[in-house]
Each structure stands twice: as structure tokens, then as C-alpha cells.
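Architecture and fold: a report
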Amino acid sequence: MKKGKTIEKKESDIEKEIVRTEEDVKRSENKQLTWFFVIVGLIFAAVLVPYFWNESSKSFEFGGADWVVEDYEYLKIYHGRFLSFGNPNLFYNVYLRTDPRENDVVAEGTFDQFKYGGIISFAPEVDACRGELGRGVFDLSAFLRQGVGVGPVESGSTDKFVAVEEDRRFATCNTGLDRTLVIVEIGEDSKVFQDEKNSYCYTIVARDCEDFSGIERFIAKSILDFDAARNETSV
């Protein structure tokens, strides 16, 4: 009887050992599976978090407009979309080469005063430009016509003799009182400012024929100031 009990005890110990071994194997497999999912999760996080962060950094809000950074081979374009100042049924798209949040060109005045009808009046030295400033003026004209909503925009000159010779409007802040007037001239430093006496007259000063930063500053500040004025009115 004693021998039989010993055999039964050994068999019981073996069964317990088998059960413990199976449990150990399962725990080991579970640990391995857990580490597998942890590693896979870390890999996905390492890939997806920077991707989504990068994508989110390409969009922002400024002046009530939605902006997206568009990357091209040689440059970045800051694409803004906002409700036209003068047409509540039109969303206008503007494309800048400088981040509107970082354009540090000096701007004086509040750029939310516009009359129907527009004039872009050029100083003689700007007429001679063939650089990027000319492209910027084209963008400025489109912005005034549709983004601001002033309607037709004509070309003018700050020089009376040039205006007569070329059949253009002679327009300075003292003479162009019936329309929105933007004067473009060359100076030592880029800046934009609103005339103290004629609030519908703005001057954009460029350093040279390649400098369009003042034009982009005028556009960005107009969007910002008009949005602020619109929000005050709606309160």
C-alpha cells in the first residue's frame, strides 16, 4: 500500500509540474505578444506622430482666413482663403511667398478703409522695374478688385508729366480722393503706411525692383484689420 501511495504521489507531482510548465509557457507567450504589440505601437508612433504633426503645422488661421502651406521644389507658398471684404458670397484665394505671421515689414495705420474703384499709382522708378515687384503689383491688383471688392482698378502715376504722356490718372494722396488709392514707390526700407489725412490712401515702399515684401505685408495686414473690424461690428 505504501508503494502504491508513493507512485500516486509521483504521478500527482508530475501532473502539477506539467500544469505549471503549461502556465509558464502561456505567460511567456503572453509577455512576448505584449512586447510585440508595444514595439509595433512604438514604430507606428515614430512614423505617424511626426507625419500628423507635420501635416497640422502646414495649416493655420490668421486674420479669419484659413491658410495652408504648399511646398514646391524651390519655394513655399502660403495659400489663404477668406470671405471677400465687399462680396459676402465670394471666397477669395490669396497666394503669398512670405508667412503672413512672420512678415515684419513696418506697417503704420489701420488697413480697413476702402472706397469703390481703385487706383494703383506708380512712382517713375517703379515704372522702370522688370523684377519681382511687377509680379507683386499684379497680385495686389487682383486682391483689390476681388479680395477687397473695390471693383475696377486703374493704373496711375505720381508724376504729373508721366500721367499726361501715358494717358494715366495723376494720383497722389492729395489728388486721388474719390477712390481707394495705393501708391507704390522705391525707398531705402520696405514699409507700408496709411496717409494721415486721406485714410483711403496707402503707400507701399519697396527697397528695389525685386522686393515684394511690402505688397505682401499690405495684403496680410488688410486681411487682419478687416477681420478685426468685422468682428467688432458683429458684437
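Cut-off values and rules
Residues numbered from 1 in each chain as written. Predicted model: local features only at pLDDT ≥ 70, side-chain atom pairs only at ≥ 80, totals over all residues. Heavy atoms only, no water. Helix = DSSP H or I, 4+ residues; strand = E, 2+ residues; numbered from the N terminus. Contact = heavy atoms within 4.5 Å. Core = buried A, V, L, I, M, F, W, Y, C linked by side-chain atoms within 4.5 Å. Buried < 20%, exposed > 50% of the residue type's maximum accessible area, 1.4 Å probe, protein only. Pairing = 2+ DSSP bridges. pLDDT = per-residue confidence, 0-100. Salt bridge = Lys/Arg side-chain N within 4 Å of Asp/Glu carboxyl O. Axes fitted to C-alpha atoms, helices over the stretch in contact; angles between N-to-C directions. Expected span 1.5 Å × (residues − 1).

Turning our attention to the side chain of N198. Mapped onto the fold, N198 is located in the loop between strand 10 (191-194) and strand 11 (201-206). If sequence neighbours within four positions are ignored, N198 has contacts with C173, G176 and L177.

W67, L140, F143, L144, F218 and I223 are the most contacted members of the largest nonpolar core, which totals 38 residues. Here this core gets 7 residues from one element, more than from any other, and that element is helix 3 (residues 132-148). Apart from the residues lying within four places of it in its own chain, the contact partners of I223 are F62, G63, A65, W67, F82, F85, V94 and F143.

Not every positive phi belongs to a glycine, and D167 is a case in point at roughly 55°. Residue placement: D167 occurs in the loop between helix 4 (160-165) and strand 8 (169-170).

This paragraph deals with the pairing of strand 10. In strand 10, alternate side chains face the same way, and those of V192 and Q194 are buried while those of K191 and F193 on the opposite face are not. Relative to strand 10, strand 5 (residues 106-108) runs parallel, the two sharing 3 bridges. Note that in strand 10 the partner of E108 across the bridge is F193. For strand 10 and strand 11, the ladder comprises 4 bridges, and the chain directions are antiparallel. Looking across to strand 11, one finds that V192 is bridged to I204. The antiparallel pairing of strand 10 with strand 11 creates a hairpin that spans 6 residues between the two strands.

Here we take up the sheet that holds strand 10. The strand order 5-10-11-9-6-7-8 describes an open sheet built from 7 strands, whose pairing is mixed. Each edge of the open sheet is held by one strand with a lone partner, namely strand 5 and strand 8. With 6 bridges connecting them, strand 9 (residues 180-186) and strand 11 associate as parallel partners. Residue pairing across strands places I186 opposite A206, the latter belonging to strand 11.

Turning our eyes to something else, we now look at the confidence of the model for the protein chain. Chain-level pLDDT for the protein chain is 84 on average; 75% of the residues reach the 70-or-more range. Every residue in residues 47-56 is under pLDDT 50, and counting partners more than four places away or in other chains gives 2 contacts.

Here the focus is the pattern of salt bridges. Across all of its chains, the model carries 12 salt bridges by this definition. Note that D99 and R101 form a salt bridge whose closest N and O atoms lie 2.8 Å from each other. Judged by its relative accessible area of 6%, D99 falls in the buried class. Its relative accessible area of 45% is what places R101 among the partly exposed residues. With its nearest N and O atoms 2.7 Å apart, the salt bridge here joins R169 to D178. Residue R169 is classed as partly exposed on the basis of its relative accessible area of 24%.

Read from one edge of the open sheet, 4 strands run 1-2-3-4, paired in antiparallel fashion. The sheet terminates laterally at strand 1 (59-62) and strand 4 (91-96), the two strands that pair on one side only. Neighbour-to-neighbour, the strand axes of this sheet turn through a mean angle of 25°, independent of strand direction. Sheet analysis places strand 3 (residues 76-83) next to strand 4, joined by 6 bridges and oriented antiparallel. Bridge pairing in strand 4 links R81 to N93.

Attention now goes to the environment of A206. Along the chain, A206 turns up in strand 11. For A206, a relative accessible area of 3% puts it in the buried group. It is 4.8 Å that separates the C-alpha atoms of A206 and S190, two residues lying 16 residues apart in sequence. Those residues in contact with A206 that sit more than four places away from it in its chain are L133, E185, I186, G187 and D211.

For helix 3, built from 17 residues, the straight-helix expectation of 24 Å at 1.5 Å per residue is met to within 8% by its first-to-last C-alpha distance of 22 Å. Of all the residues in helix 3, the buried ones are L133, G136, V137, L140, S141, A142, F143, L144, G147 and V148. Positive backbone phi, at 90°, marks G149, one or two positions downstream of helix 3.

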